[in-house]
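Fold and contact review
What follows is the residue order along each chain.
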Number of protein chains: 2
Amino acid sequence: MCNCISTLLLKKAWSYQGLRKIYQKVNDRWEVCVSLSEGQFQQVSFVNGIATIRGGTHVDYVANQIASHVMGVVNKKNKQANMKLHTVKGYLWVFVNALIDNPAFDSQTKETLTTRQASFGSTCELSEEFLKKVSSSGVVSNLLSWAEFKLNKELKKTDGTKKTSIVGIPKLEDANDAGGKNSDKCTLILTEGDSAKALAMAGIGVVGRDHYGVFPLRGKLLNVREASHKQLMENAEIQNIKKILGLQHEKKYDSTKGLRYGHLMIMTDQDHDGSHIKGLLINFIHKEWPSLLKVPSFLVEFITPIIKATKGKAVKSFYSMPDYEAWKESLGGSASSWTIKYYKGLGTSTAQEGRDYFEDITHHKKDFVWADDKEDGEAIELAFSKKKIAERKDWLTNYQPGTCLDQREKRIKYSDFINKELILFSMADLERSIPSMVDGFKPGQRKILFCSFKKNLVKESKVAQFIGYVSEHSAYHHGEQSLASTIIGMAQDFVGSNNINLLEPRGQFGTRNAGGKDAASARYIFTRLQPITRLIFPKDDDVLLNYLNEDGQSIEPSWYMPIIPMVLVNGSEGIGTGWSTYVPNYNPRDIIANLKRLLNNETIVPMVPWYRGFKGSLKETSSKATGVTYTITGVIEEVPDTRLKITELPVRRWTTDYKEFLESMCPIPIKEKEKSKDKNKEKKKDKDKEKEKEKSKEPPLK
Amino acid sequence: MCNCISTLLLKKAWSYQGLRKIYQKVNDRWEVCVSLSEGQFQQVSFVNGIATIRGGTHVDYVANQIASHVMGVVNKKNKQANMKLHTVKGYLWVFVNALIDNPAFDSQTKETLTTRQASFGSTCELSEEFLKKVSSSGVVSNLLSWAEFKLNKELKKTDGTKKTSIVGIPKLEDANDAGGKNSDKCTLILTEGDSAKALAMAGIGVVGRDHYGVFPLRGKLLNVREASHKQLMENAEIQNIKKILGLQHEKKYDSTKGLRYGHLMIMTDQDHDGSHIKGLLINFIHKEWPSLLKVPSFLVEFITPIIKATKGKAVKSFYSMPDYEAWKESLGGSASSWTIKYYKGLGTSTAQEGRDYFEDITHHKKDFVWADDKEDGEAIELAFSKKKIAERKDWLTNYQPGTCLDQREKRIKYSDFINKELILFSMADLERSIPSMVDGFKPGQRKILFCSFKKNLVKESKVAQFIGYVSEHSAYHHGEQSLASTIIGMAQDFVGSNNINLLEPRGQFGTRNAGGKDAASARYIFTRLQPITRLIFPKDDDVLLNYLNEDGQSIEPSWYMPIIPMVLVNGSEGIGTGWSTYVPNYNPRDIIANLKRLLNNETIVPMVPWYRGFKGSLKETSSKATGVTYTITGVIEEVPDTRLKITELPVRRWTTDYKEFLESMCPIPIKEKEKSKDKNKEKKKDKDKEKEKEKSKEPPLK
């Protein structure tokens, strides 16, 4: 009976029409053939000529090899797929003909082989070529489309629907008519945070709740452009917006009829982060429903004044800085009789002002318009796609200072928004993260130096108090904690921190033990200007500097002019938009020598990085067009009793971390012996760890 | 055969010696008897006279009733026990004789009854009295000791052992001789945080690593006094200290021979939190190993100067404020020629200073000494036990200003530490949390008012900038964020916030929608003094106030003297040590009327709380010696179409939260209709929600 069935099945397998068959006679004992299946694993197999109609260990052995290869290919092609072995098997039809030593079966009818693989008496190693053929046989593309189908189905699960009521979305204030027959008249206002929601709520007290809903965004929306399926599915904000608007995955919209709201209005602060949030929302809609951006006045923004000038009862509002500057110019000297107030955040406006804006809503609303696929679509991708890094660099390089959106236009082209408004956010982000080549500072550091000069910080001051002074006098916006760590960083003087610390550390400013993370709280430590600082940044130069102005307050200069390039002395690190920076520290004496050569019209000599107090060595390990790579090595020596003694770690490898790293490699105690001056460290480790070289690579210098 | 076995077992059950048997004939059909077992559930049972030797549903039915009762009793007596039903059953021996309708068995031998309980045809409800007898039969105490045994076993699992090397504890710097034959000479220094560790590391550079180890504490240690088993087991810090010292659960120590270190040295900042940390460590050792505190010089502390006075090369260190004051006094006017520096944090000292302290370690080390069980033990419990709340109140009430530890003593009695040092922490905690009855302020609010007067804040200032000013001029230590919310809180004027806001809100300071949490960021909003503020706190009084001094800086007064009791006007809330406070808001007009009565020697009239702008009602619902309770009700009305219209919520019930609460009760849309002045709210809900009354209870007034 067995034989009859096996013959029949064999014939069926070989005669199956229309599907490609990949065959390999692996060796004397194994013969394998693969074809495609449609979601259910199928097999035909023989052991020593007996048809094992339920397969068994020999089939698993072969099928697993094939499936895991295919799985790898699929998961590489679609990183979201998260393909499992059993799914892949469902798409395979495997024929196996094997000779097995002393085969064992599950029952008398010999339907399933149960011999363990180790006892087969032979192996079946499929060739690369065979596996490659299988992957290109169509199984991969079947699986890819299955994966896509599954992922889409999941995304569709979170689709919104057009219905009149919606519950379970905290903080949503739904318009009364949303999702009903007047839904096209409804506008959903997305606000930047809860306080902006409060402003919008004051506003819709005027225009009514029938046609206006409000939903506050929590900070920045996800950049969905290359986000993973998982990120999208788990992002509560994106899921909520889909539900509130009734958006459906992959649907093409030529009107807003199918949606719960006819308009989406974005209302953000009048600052760079506000522009970024607008951009991220545009990016989200463009990626998921590009058709929607073409529906006229679907996406609109609500603008609020950036400056108000008051004189008695007269109030003038300005919606862009150039407008204000022009007005100020036109008044000549008499502008000073007006009181100027900056309205950078939506929260600056009172509830009454919010009501005033909404009373005159037509003047505060601007439509985004889609001019042309190429221009607008490409601009959005340029700003948000991970694939456009090079283009983004060009875009930023070609930025013209003074660029800004003409706020008098009623309609904003998407490309204009990207190229004239969003670009300012990216430039600001760059400025925050990449130091000026002139003075080596990022704005935070420059503000601190500015304030130490302004306060004439020659007598020591408690750092906590100095923080208060800096945030009062230099418009520092990023929180006390970040200010504290910047001040502490500027005063640190342990190996690997500053070569010349501009501030003096008085108290615990951190050590090499924990890379400075062991600095004390700002309220316990003191600092003052180092005497050398005013020699590097001469007082006489102060009048030459170009001081910036924030909201009418005169703050730090656009840059200082140190007498030597401080960016080389203390180095710098940072990651911005499009670019990042890494400058190691150099020896001020080398720099000065080169400066003298330069002044004398001599050729300058190449310099190598240098860290004050570092006892290890530094070697150039490669030199390319993009920069030079150095390898920094600590000091390690063998001591007679099969142990290693480490007396210096590479720069910016900190003792505590390094000890944990050593312990994790080999849990043998590390003894530290310290001499009285806490400078010479000895660590002993068993010799078998000798291979472990302490190296840290510095990124290429640019 | 069945009958033979059943008779035998029955005899065995009834004749079992020495154990109490509790018997109940529940009704005609059920007869139950219970005795004790020793960890394995036993049963003897009959169904219609057939011995069910493996029990079955009838036995489960009875045994579960008994076990769940017992389980409840055990878990109530020992909250840590976490007793499970199957464990309880293991301690029971149950006899059941039941008559069941048409019983079904698992097999021909009828060993197990399988009839479902619903088909028994009768019930067996055990009497209260019977269950009570069972609980007092010894099963409860057996289970309690089993639970204790199990919990102790778990705690023992985390015991340390005396061994020379120890790995896997991040940040530990182990002494080289710890756990070895010289372990009694070793000292483990526990420091308050990583920066203090850096100081100790500098110090042991001097005294050497052989006998000194360092381990940084991460903030405050758990109060272990009434901590749950789970909290203890999951507290990494406590487990680490046990491991580093080699401490064993429940062991009695009469020397430190069994430990990895002979001494435990605590090194904290010279401030109240530092005292608290010392106290928590003492509490931990006292609770777990009281014997250890009696071992001479096991627990020691490391002290650092609190003030250093410098004049040229002369340096004088002071270890307590009274010492410093006395010295200053002794110098007369000439003290001003010395430079004074406060060393409140360990981080204030430089590495060099750390080395100096350790060079002279005998002068910086103090032993804690156990004078007598009653005095010291009770003092520690007084400070940390949840059971000593009343005693703690007395302790704090009897506090004498000026109390402090005599720092010249070489040895500190535990009772002295608690009563003269730790008490200052508790007093400071109270001061931070409970407002002064004179001006109604907590110190943070007072600092803000002080700075608004000092800065003469009559022109509006950006809140972020004002924060900088306050932290520079008033020694505010608790972070910018907390300062921002205190300033915003003082300027809020929506219903339920201030009756008289002393600062003026210009911009979005929050609304009733989110209870003020929807205020904008401090860098977007502006404030200034309300004109009324200087009328309540007259400028002429400024010179009469007692201004405090922090580290040489003159700061806010101990209290202001408003012309009316502001603590009643704006109310107050807070939780401190031993006490908490809740004062509702009152009507300033009522207060003034009463003040006038008081001035005219008339009887003052009782006042009821009042919230400016609130349209609901307030009713006294009870009046006791401890205070009066009021119920505040919003405004709700029935509208014809089976709906409810809410136009006012109770005070401090915020709209967003309340809507979420309604939605969670019944997911039917809540529609909001807002009139143009955003004051009148209408909410409609289905009538079946009418029962839902909006009430909020105020705690009793004291």
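Residues numbered from 1 in each chain as written. Chains lettered and ligands numbered in written order. Predicted model: local features only at pLDDT ≥ 70, side-chain atom pairs only at ≥ 80, totals over all residues. Heavy atoms only, no water.

With that settled, consider the overall build of chain A. Along its length, chain A carries 21 helices and 28 strands. Against the compact-globule benchmark of 27 Å for 702 residues, chain A has a radius of gyration of 34 Å, which places it well outside the compact range. A buried classification covers 52% of the 702 residues belonging to chain A. Sequence-distant contacts in chain A: of pairs separated by 6 or more residues, those separated by 24 or more amount to 66%. Charge centroids of chain A, computed over 104 positive and 86 negative side chains, lie 3 Å from each other. (Helix = DSSP H or I, 4+ residues; strand = E, 2+ residues; numbered from the N terminus. Rg over C-alpha atoms; globule rule 2.2 N^0.38 Å. Buried < 20%, exposed > 50% of the residue type's maximum accessible area, 1.4 Å probe, protein only. Contact = heavy atoms within 4.5 Å. Lys, Arg positive; Asp, Glu negative; His and termini not counted. Charge placed at Lys NZ, Arg CZ, Asp CG, Glu CD.)

Attention now moves to the UniProt feature "active site" (unreviewed entry) in chain A. The sites that UniProt annotates as "active site" (unreviewed entry) are A:Tyr524. Tracing the backbone through its elements, the reader meets A:Tyr524 in the loop between strand E16 (503-506) and strand E17 (526-529). The residues contacting A:Tyr524, other than those within four sequence positions of it, are B:Asp269, B:Asp271, B:Lys344, B:Gly345, B:Gly347 and B:Thr348. (UniProt positions renumbered as here; feature names shortened; annotations may be inferred.)

Before going further, it helps to spend a moment on the relation of the copies chain B and chain A. Structural alignment of chain B on chain A gives an RMSD of 0.2 Å, achieved by rotating through 180° and translating 0.2 Å along the axis. Read as a symmetry element, the transformation amounts to a two-fold axis. Closest to the rotation axis within chain B is the C-alpha of B:Gly468, separated from it by 1.9 Å. Residue by residue, 99% of the interface of chain B is reproduced at the interface of chain A, so both copies engage with the same surface. (Least-squares fit on C-alpha atoms with pLDDT ≥ 70 in both.)

The subject of this paragraph is the packing of helix H8 (residues 272-288) of chain B against helix H12 (residues 373-384) of chain B. Packed helix pairs are specified by the crossing angle of their axes together with the interaxial distance, meaning the distance between the axes. All names here are of chain B. One can describe the packing of H8 onto H12 by two numbers: an axis separation of 10 Å at closest approach and a directional angle of 120°. At the point where H8 passes H12, the crossing takes the left-handed sense. Across the interface between the two elements, His 276, Gly 279, Leu 280, Ile 282, Asn 283 and His 286 from H8 touch Gly 377, Ile 380, Glu 381 and Phe 384 from H12. Taken together, the residues of the contact of H8 with H12 sort by class into 4 nonpolar, 5 polar and 1 charged. (Axes fitted to C-alpha atoms, helices over the stretch in contact; angles between N-to-C directions. Left-handed = near helix turned anticlockwise from the far one by under 90°. Nonpolar A, V, L, I, M, F, W, Y, C, P; charged D, E, K, R; others polar.)

The next point concerns the sheet that holds strand E5 (residues 92-98) of chain B. All names here are of chain B. The sheet built from 5 strands is open, its strands ordered E1-E2-E5-E3-E4 with mixed pairing. The open sheet has two free edges, formed respectively by strand E1 (22-25) and strand E4 (50-51), since each of these has just one partner strand. Bridge count between strand E3 (residues 42-47) and E5: 6 bridges; the pairing is parallel. Bridging from a neighbouring strand, Ser 45 pairs with Val 96 of E5. Helix H4 (residues 128-157) rests against E1, strand E2 (30-36) and E5 of the sheet, and its axis sits at about 25° to E2. (Pairing = 2+ DSSP bridges.)

A word on the packing of aromatic side chains. All names here are of chain A. Taken as a whole and assessed by the stated rule, the structure comprises 41 aromatic pairs over all chains. When the ring of Phe 453 is compared with that of Phe 537, the centres are 6.5 Å apart and the planes differ by 55°; the resulting orientation is tilted. Placement of the pair is Phe 453 in helix H15 (residues 443-454) and Phe 537 in the loop between helix H18 (533-536) and strand E18 (547-550), with a sequence separation of 84 residues. Phe 537 shares its class with Phe 453; the two are buried. (Phe/Tyr/Trp six-rings, centres within 6.5 Å; stacked < 30°, edge-to-face > 60°.)

Moving on to the confidence of the model for chain A. All names here are of chain A. When the pLDDT values of chain A are averaged, the result is 87; 92% of them are 70 or greater. Note that pLDDT drops below 50 for residues 1-7; the model gives that stretch 6 contacts with residues more than four away or on any other chain. Across residues 684-702, where pLDDT falls below 50, the model places 66 contacts with residues more than four positions away in sequence or in other chains. For this predicted complex, the interface confidence score (ipTM) comes to 0.72, while the overall pTM stands at 0.73. (pLDDT = per-residue confidence, 0-100.)

Before going further, it helps to spend a moment on the pairing of strand E9 (residues 299-302) of chain A. Residue and element names in this part refer to chain A. Burial along E9 is two-sided: the residues Leu 299 and Glu 301 and Val 300 and Phe 302 are all buried. One ladder, built from 3 bridges, connects strand E8 (residues 263-267) with E9; its direction is parallel. Looking across to E9, one finds that Met 265 is bridged to Val 300. When E9 meets strand E13 (residues 365-369), the two strands line up antiparallel, connected through 3 bridges. Paired with Glu 301 across the two strands is Lys 366, which belongs to E13.

Most of helix H16 (residues 463-473) of chain B is tucked away, with 9 of its 11 residues classed as buried. Residues of H16(B) that are buried include every one of B:Val463, B:Phe466, B:Ile467, B:Gly468, B:Tyr469, B:Val470, B:Ser471, B:Glu472 and B:His473, and no others. Buried positions along H16(B) lie against helix H16 (463-473) of chain A together with helix H15 (443-454), strand E15 (461-462), helix H17 (480-491), strand E17 (526-529) and strand E19 (553-557) of chain B. Remark: B:Ala475 follows H16(B) within two positions and exhibits a positive phi of approximately 50°.

Taken together, the contacts link 72 residues of chain B with 71 residues of chain A. When the two sides are added together, the surface that chain B and chain A hide from each other amounts to roughly 5,700 Å², 45% of it contributed by carbon and sulfur. For the chain B face of the interface with chain A, the top three residues by lost area are B:Arg209, B:Glu472 and B:Tyr524, together amounting to 11%. Our enumeration of links across chain B and chain A arrives at 6 salt bridges. Between A:Lys659 and B:Glu173 there is a salt bridge, and its shortest N-O distance comes to 3.0 Å. Applying the counting criterion to the chain B and chain A interface returns 18 residue pairs in polar contact (both at pLDDT 80 or more). Going through the elements one at a time, helix H5 (193-207), strand E12 (339-342), H16, helix H21 (655-665) and strand E26 (671-674) of chain B are the ones with two or more residues in the side of chain B that touches chain A. It is H5(B) that provides the largest number of residues to the side of chain B that touches chain A, a total of 9 residues. The class makeup of the residues in the side of chain B that touches chain A is 19 nonpolar, 23 polar and 30 charged. (Buried area = accessible area lost by both parts, 1.4 Å probe. Salt bridge = Lys/Arg side-chain N within 4 Å of Asp/Glu carboxyl O. Polar contact = N/O pair within 3.5 Å; in protein donor to acceptor, adjacent residues only side chain to side chain.)

All names here are of chain A. Ordered by their spatial adjacency, 6 strands build an open sheet running E7-E6-E8-E9-E13-E14, and the pairing between neighbours is mixed. For this open sheet the edge positions go to strand E7 (212-217) and strand E14 (411-413), each flanked by a neighbour on one side alone. Across the sheet, the mean angle separating the axes of adjacent strands is 30° when strand polarity is ignored. Sitting on the sheet, helix H5 (residues 194-207) is in contact with strand E6 (187-192), E7 and E8, with an inclination near 175° to E7.

We now examine the domain arrangement of chain A. Often the size quoted for an interface is simply the accessible area lost on bringing the parts together. All names here are of chain A. Partitioning chain A into domains gives domain 1 (1-153), domain 2 (163-304 + 345-432), domain 3 (305-342) and domain 4 (443-588). Between domain 2 and domain 3, a total of about 790 Å² is buried, with carbon and sulfur atoms accounting for 59% of that surface. Connecting domain 2 to domain 3 are 1 salt bridge. A salt bridge links Lys 308 to Glu 353; the shortest N-O distance between them is 2.9 Å. The tally of links between domain 2 and domain 3 comes to 2 residue pairs in polar contact (both at pLDDT 80 or more). (Domains from an automatic or database assignment.)

So, about the pattern of salt bridges. Applying the stated criterion across every chain, the model contains 59 salt bridges over all chains. The residue A:Arg446 makes a salt bridge to A:Asp439 at a minimum N-O spacing of 2.7 Å. Judged by its relative accessible area of 6%, A:Arg446 falls in the buried class. When its relative accessible area of 0% is taken as the criterion, A:Asp439 is described as buried. Here B:Lys197 and B:Glu173 are joined by a salt bridge, their closest N and O atoms 3.2 Å apart. With B:Lys197 in helix H5 and B:Glu173 in the loop between H4 and strand E6 (187-192), this pair connects stretches of sequence that are 24 residues apart. Each member of the pair B:Lys197 and B:Glu173 is classed as buried.

Bringing the nonpolar core into the picture now. Core analysis: the largest hydrophobic core is formed by 57 residues, its most contacted members being B:Leu188, B:Leu190, B:Leu264, B:Phe284, B:Leu292, B:Phe298 and B:Leu299. Look past the residues within four positions of B:Leu299 in its chain and what remains in contact with it is B:Leu264, B:Leu281, B:Ile282, B:Leu293, B:Asp367, B:Phe368 and B:Tyr414. Counting 56 residues, the second-largest nonpolar core is a separate cluster that includes A:Cys186, A:Phe284, A:Ile380 and A:Trp395. (Core = buried A, V, L, I, M, F, W, Y, C linked by side-chain atoms within 4.5 Å.)

All names here are of chain A. Residues Val 438, Val 543, Leu 544, Trp 559 and Met 561 make up a contiguous nonpolar surface patch of roughly 490 Å² in combined accessible area. Turning to its location among the elements, Trp 559 is positioned in the loop between strand E19 (553-557) and helix H19 (566-570). By relative accessible area, Trp 559 is classed as partly exposed at 41%. (Patch = residues over 30% accessible without salt bridge, like charges linked within 9 Å, V, L, I, M, F, W, Y side chains within 5 Å. Areas by Shrake-Rupley, 256 points an atom, 1.4 Å probe, with all protein chains shown as cover.)

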